[in-house]
Every structure is written in C-alpha cells, then in structure tokens.
Amino acid sequence: MPELPEVETTVRGIAPYISGQSIAATVIRNAQMRWPIPDKLPELLSGLTICTVSRRAKYILLDCGVGTLLLHLGMSGSLRVLPGDSLQCLELPEKHDHFDLILKNKTVLRLRDPRRFGAVLWSSVPISQHSLLKHLGPEPLTVDFNAEYLFQRLHASRSSIKQNIMNNQVVVGIGNIYANEVLFLSGINPEAIAGSIGKKRLEKLADAIKTTLQLAIEAGGSSLRDFVNSDGRPGYFQQHYWVYGRSGQSCKKCRNIIQQIKQGQRSSFYCPNCQRA
Ligand SMILES: [Zn+2]
C-alpha cells in the first residue's frame, strides 16, 4: 500500500509536469473506485488550469482555482505521466488504467489501480473543509507535530500507543510498517498505554516519526524519473526494517527474538528487550 512517503514522492514526481497546465479532457474508463468517480467530472474540469499540486495525509490535491481534484492511491494505485511529445502517448491504456487527465500540452496523467480502493473526487468547498480532510490530525513533518502535542492529545488515552499513532485524527500518514519501525526506534512497546507514556519518550517517538518518514522521502527522491515512461511505481518499497516482518528473527540491536502479535487486525512486531511498555 502506498504510504505517506510514496505519496509525497508521487506529488514531487508529477508536479513539474502538470502544474500550471490546462486540462483539455478527462477520461473515465471505470468509475467504480472506493467511491464512484463523479460522472460530471469531464465537464467540470474541461478548460481549468492546475494551479498547484500538493498533499494532505495521503490525498493528492490538484488545486484548480474554482475547486480541487482529490486523488487517493488506495491499496494499489499509482500515477504516471505520459509526456505529450513521446510515443508513450500512443500507448493504449491497460486493464487497470481507470482514469486519465489529458492536458492541453498533450501530457497525460494516468491513474492505474488494480484493486480500485483509490479515489478520484471533486471538491468545490475549501479543501480543508472537505469531509474527508477536516478531521485529520497534523502532518507529521510539520512543527505542529511534536512531543507537547502528543502529550496533550494522548494523556487521557487508555488505548495502545500503536493504535493511536495509526489514527489519522492523532497524526496522519503513519501506516502499519512505519508504526512498527518508529516504536522500535523509540524503545516503546506497541501495546504500551498511550496515556502512560511520559514526555521524554514521546519526544523520542516524535523524532523517530519525523526521521523515518524524511529518510523514506529522500530515498524516494532518487526514483522521481520513474513517474515518466514507466509503470509509475517508485522502486524503493523494499527497505531494511528493524522489526517489521521479522518475527522469529533476532533483534538487530540486542539479538533477542522479535515477537509478533495482533493489534486491531494488524500485525505488530517488536523486540521485548528493546521496547518497554
Ligand atoms: Zn532488541
């Protein structure tokens, strides 16, 4: 599943090709995504200019002045750019290429999504007020997200720290892989009660979240060219994890055996020696 760093890399990868460009046409081949793609979209978008491309949580936002096109990659989605001056624009769409944005300069932005959990939606209200976005917590890489914020937000919580940091209303964009990794790096057991964790440890956690996401985004930077003339999949999903997916193997810090448990249907991996409740 594309996580926040992959979505950020996608935004940086496609922005230079589509920002400032006018939309000539919109092609919907299969509207049945997580929510149906609005059928009035081609009419709405025709002639509009994409002012900016940005990201909020895992939503990709194409600000078109009078409204915003929201794209979400769901479980398996990817975006790629087919430049208008190459033979690629003659390439026939494949089975899972559900949506194209055709720009006036003939560049095509193409969404592929085999599992169709992604989304293409239009918002004419200010985007921060959209129902999918207005309750979201802070972005992890901003100054608003820090130990003090976590302490205020979590001090009354009786649920586990892992479930809290994966909750979009607490902080956005931390999926299961990164949740496992940042809890290892900050020495916190995934089952620790969020409200019982002191500020010092929350500081370590906030630092680990920022550092881990930043490193993943930087790693993705080297694959930016992959958004053009390729299948659109950044080549850096395979990373070396401290604990994720390593149950039964030895901890890279202390050689103890990594344990696996279930929390809210998701697998948690941790080192019982390095991570305290
Ligand atoms: Zn360990």
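These figures come from a predicted structure and were not determined experimentally.

A. Broad picture of helix 1 (residues 4–18). Over its 15 residues, helix 1 runs 21 Å from end to end, which matches the ideal 21 Å to within 8%, given 1.5 Å per residue. Counted residue by residue, helix 1 has 12 buried out of 15 residues, so it is predominantly covered. Within the span of helix 1, buried status applies to Leu4, Pro5, Glu6, Val7, Glu8, Thr9, Thr10, Val11, Gly13, Ile14, Ala15 and Ile18. Glycine 20 sits one or two positions beyond helix 1 and adopts a positive phi of about 80°.

B. Spatial organisation of the coordination of the zinc ion. Donor atoms from the polypeptide that bind the zinc ion are Cys251 (SG), Cys254 (SG), Cys271 (SG) and Cys274 (SG), placed at 2.2 to 2.4 Å. For the zinc ion, the 4 donor atoms are set out with angles of 99 to 113° between them, so the coordination reads as tetrahedral. Counting gaps between the donor residues of the zinc ion yields the pattern C-x2-C-x16-C-x2-C. Pair noted here: cysteine 254 is in the loop between helix 6 (199–221) and strand 9 (259–263) and cysteine 271 is in the segment after strand 10 (266–270), with a separation of 17 residues, a long-range link. Under the relative-accessibility criterion, cysteine 254 is labelled partly exposed at 24%.

C. Representation of the domain arrangement of the protein chain. Along its sequence, the protein chain is carved into domain 1 (4–129) and domain 2 (147–270). One C-alpha centre belongs to domain 1, the other to domain 2, and the line joining them spans 29 Å.

D. Quick look at the nonpolar core. One finds Ile60, Leu62 and Leu69 to be the most contacted residues of the largest nonpolar core, which totals 28 residues. Of all the elements in the fold, those that place two or more residues in this core are helix 1, helix 2 (41–45), strand 3 (59–63), strand 4 (68–72), strand 5 (78–82), strand 6 (97–103), strand 7 (108–112) and strand 8 (119–123). With 5 residues, the top contributor of residues to this core is helix 1. Excluding its chain neighbours within four sequence positions, the residues that come into contact with leucine 69 are Leu41, Leu45, Ile60, Leu61, Leu62, Phe99, Leu101, Val120, Leu121 and Trp122.

E. Inspection of the packing of aromatic side chains at higher detail. Within this structure, the stated rule accounts for 4 aromatic pairs. Between tyrosine 241 and tyrosine 244, the aromatic rings sit 5.4 Å apart at their centres with planes inclined by 80°, giving edge-to-face as the arrangement. Here tyrosine 244 falls in the partly exposed class, since its relative accessible area comes to 26%. Through successive ring pairs, a cluster of aromatic residues spans Tyr241, Tyr244 and Phe269. Note that lysine 199 overlies the ring of phenylalanine 151, its terminal NZ or CZ placed 4.9 Å from the centroid.

F. Quick look at the environment of leucine 48. Along the polypeptide, leucine 48 turns up in the loop between helix 2 and strand 2 (52–56). Note: C-alpha distance between leucine 48 and valine 171 (123 residues apart in sequence) is 33 Å.

G. Main features of the sheet that holds strand 7. An order of 1-6-7-5 is seen for the 4 strands of this open sheet, with the pairing classed as antiparallel. Each of the sheet's edge strands pairs with one partner strand only, and the pair in question is strand 1 (23–28) and strand 5. Going across the sheet, the axis of each strand differs from the next one's by a mean of 15°, ignoring polarity. In this structure, strand 5 lies alongside strand 7, joined through 5 bridges in antiparallel fashion. Counterpart to serine 78 in the pairing with strand 7 is arginine 112. Sheet contacts for helix 1: strand 5, strand 6 and strand 7; angle to strand 5, the most-contacted strand, approximately 30°.

Scoring rules and cut-offs
- Counting restarts for each chain: residues are numbered from 1 in the order of the written sequence.
- Whole-chain, interface and lining totals are the exception, using all residues; otherwise, since this is a predicted model, local features are given only for residues with pLDDT of at least 70 and side-chain atom pairs are given and counted only at 80 or more.
- To get the side-chain values, all heavy atoms of the structure are used, and hydrogens and water are removed first.
- Going along the chain from the N terminus, every DSSP run of H or I of four or more residues is numbered as a helix, and every run of E of two or more is numbered as a strand.
- A helix is expected to reach a length of 1.5 Å times the quantity of its residues less one.
- With a 1.4 Å probe rolled over the protein chains alone, any residue whose accessible area is under 20% of its type maximum counts as buried; one over 50% counts as exposed, and the rest are partly exposed.
- The rule for donors is simple: an N, O or S atom within 2.8 Å of the metal counts, and for Na, K and Ca the reach is 3.2 Å. Water is not among the atoms, so a site may look short of donors.
- Irregular is the label for any site that misses the other tests, which are tetrahedral for four donors with all angles between 85 and 135 degrees, and square planar for four donors or octahedral for six when opposite donors exceed 155 degrees and the remaining angles lie between 65 and 115.
- An automatic or database domain assignment supplies the start and end points of every domain.
- By nonpolar core is meant a set of buried Ala, Val, Leu, Ile, Met, Phe, Trp, Tyr and Cys residues that side-chain atoms within 4.5 Å join together.
- In what follows, a contact means two residues having at least one pair of non-hydrogen atoms within 4.5 Å.
- Pairing of aromatic side chains here covers Phe, Tyr and the six-membered ring of Trp, requires ring centres within 6.5 Å, and sorts the geometry by plane angle: under 30 degrees stacked, over 60 edge-to-face, intermediate tilted.
- Ring-over charges, as used throughout, are those where CZ of Arg or NZ of Lys falls within 6 Å of the ring centre and within 35 degrees of the ring normal.
- The pairing criterion for strands is at least two bridges between them, as found by DSSP.
- Only the stretch in contact is used when fitting a helix axis, every axis being a line fitted to C-alpha atoms; angles between N-to-C directions are given from 0 to 180 degrees.

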